[in-house]
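A closer look at the structure
Each chain, written out:
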Amino acid sequence: MSYLEPFQSVALFENTFRHQLNKKTGKIDERKFVFDKHFGDGEGQLPVVPDRYRLIWMPGCPHSNKAMITLRLLGLDRVISVGECGVLRDPRGWIFSEDLGGVDPVLKIHYLDDAYLKGDPDFVGRSTVPAIADVTTGAIVQNEAWDIPKYFVVDWKKYHKENAPDLYPEKLRTEIDELSAFINKHINAYACGFARSQEAFDEGYVSYFEALETP
């Protein structure tokens, strides 16, 4: 079986990562987060308001699962709604294939990409999950996959359910952040799984398995 089959075709893979593929090295470069506002009461921040936001996730994405697990453990699914993309995508990106008519019942869109374009009409990147949409505008306002669970823990604390677990203890935050950064850099499916050259694959392979042996 070709390692490209999970992406349905070579053309679909190339189209999906066209803005990140480094043709010189064969690596998939890191994506820049375009919707990176923080939650808070300050100017330019996203107000922490119940029933204003919708978490968009996809069951096949580890980052999505982390965000969804955090949301539910903290009981925030009472104040933040959830939309689910199907596990397959087409050349334009993730679609709401599991919903009636293939349309998200709240955002009223078929393609997640439409919510990204509402957030920035000039957006040309890869629409990803998890992402948070403002249901008042239908626009994506936050898509920092690594940090969304952290925002749920810290910024949405006043809406946590009674006896919610402390998933980000203050005395361990520095250690947790350092470990997360290490995992993000070295235990990375993009590095070897999506490599487009033997050199890039070898580099990712070595980094991955050396990281697993790190005490």
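Below you will find a few notes about this structure. (Residues numbered from 1 in each chain as written. Predicted model: local features only at pLDDT ≥ 70, side-chain atom pairs only at ≥ 80, totals over all residues. Heavy atoms only, no water.)

On to the pairing of strand β1 (residues 53-57), then. Of all 5 residues in β1, 5 are buried, a share of seventy percent or more. Of the two faces of β1, the one carrying Tyr53, Leu55 and Trp57 and the one carrying Arg54 and Ile56 are both buried. Bridge analysis of β1 against strand β5 (residues 131-134) gives 4 bridges, and the strand direction is antiparallel. Residue pairing across strands places leucine 55 opposite isoleucine 132, the latter belonging to β5. Relative to strand β2 (residues 81-84), β1 runs parallel, the two being bridged by 4 bridges. Following the sheet pairing, leucine 55 is matched in β2 by valine 82. In this fold, β1 hands off to helix α2 (residues 62-73), which returns the chain to β2; that crossover is right-handed. (Buried < 20%, exposed > 50% of the residue type's maximum accessible area, 1.4 Å probe, protein only. Helix = DSSP H or I, 4+ residues; strand = E, 2+ residues; numbered from the N terminus. Pairing = 2+ DSSP bridges. Right-handed = clockwise from strand over helix to strand, strands pointing away.)

We now examine helix α7 (residues 198-212). The end-to-end C-alpha distance of α7, which contains 15 residues, comes to 21 Å, matching closely the 21 Å that a straight helix rising 1.5 Å per residue would cover. Listing the buried residues of α7 in full gives Ala200, Gly204, Ser207 and Ala211. Taken down its axis, α7 places every buried residue within 65 degrees of arc, on the same side. Exposed residues on α7 whose side chains face more than 90 degrees from its buried face are Glu199 and Glu210. (Expected span 1.5 Å × (residues − 1). Arc of directions from axis to C-beta.)

Pairing within the open sheet is mixed, and its 4 strands lie in the order β2-β1-β5-β6. Two strands close off the open sheet at either side, each with one partner strand: β2 and β6 (139-142). For this sheet, the mean angle separating the axes of adjacent strands, direction not counted, is 40 degrees. The strands touched by α2 are β1 and β2; relative to β1, the strand with the most contacts, the crossing angle is about 140 degrees. Each of β1, β5 and β6 touches helix α3 (residues 112-119); the most contacted strand, β6, lies at about 75 degrees to it. (Axes fitted to C-alpha atoms, helices over the stretch in contact; angles between N-to-C directions. Contact = heavy atoms within 4.5 Å.)

Turning our eyes to something else, we now look at the pattern of salt bridges. Close approach of charged atoms allows side chains of opposite charge to pair. Going through the model one piece at a time under the given rule, you end up with 6 salt bridges. Close ionic contact of aspartate 104 with arginine 54 constitutes a salt bridge, the shortest N to O distance being 3.1 Å. Of this pair, aspartate 104 sits in the loop between β4 (93-94) and α3 while arginine 54 sits in strand β1, and the two are 50 residues apart along the sequence. The salt bridge involving arginine 92 is made with aspartate 113; its shortest N-O contact spans 3.4 Å. Taken together, the residues arginine 92 in the loop between β3 (89-90) and β4 and aspartate 113 in helix α3 connect sequence positions 21 residues apart. Judged by its relative accessible area of 35%, arginine 92 is partly exposed. When its relative accessible area of 12% is taken as the criterion, aspartate 113 is described as buried. Here the residues in one salt-bridge network are Arg92, Asp113 and Asp114, joined through shared partners. (Salt bridge = Lys/Arg side-chain N within 4 Å of Asp/Glu carboxyl O.)

What follows covers the packing of aromatic side chains. Considering all chains together, one arrives at 11 aromatic pairs under this definition. Centroid distance phenylalanine 35 to tyrosine 116: 5.6 Å. Interplanar angle 70 degrees. Geometry classified as edge-to-face. Placement of the pair is phenylalanine 35 in the loop between α1 (10-16) and β1 and tyrosine 116 in helix α3, with a sequence separation of 81 residues. Taking the relative accessible area as the measure of exposure, tyrosine 116 reaches 0% and is therefore buried. Ring geometry for tryptophan 156 versus tyrosine 159: centroids 5.9 Å apart, planes at 50 degrees, classification tilted. Exposure remark for tryptophan 156: the relative accessible area of 0% places this residue in the buried category. Residue class for tyrosine 159 comes out partly exposed when judged on its relative accessible area of 22%. A network of ring pairs unites the aromatic residues Phe39, Tyr53, Tyr151, Trp156 and Tyr159 as a single cluster. Here the guanidinium or amino end of arginine 89 rests over the ring plane of tryptophan 94, the centre of that ring lying 4.7 Å away. It is arginine 92 that lies over the ring of tyrosine 111; its NZ or CZ is 4.6 Å from the centre. (Phe/Tyr/Trp six-rings, centres within 6.5 Å; stacked < 30°, edge-to-face > 60°. Lys NZ or Arg CZ within 6 Å of the ring centre and 35° of its normal.)

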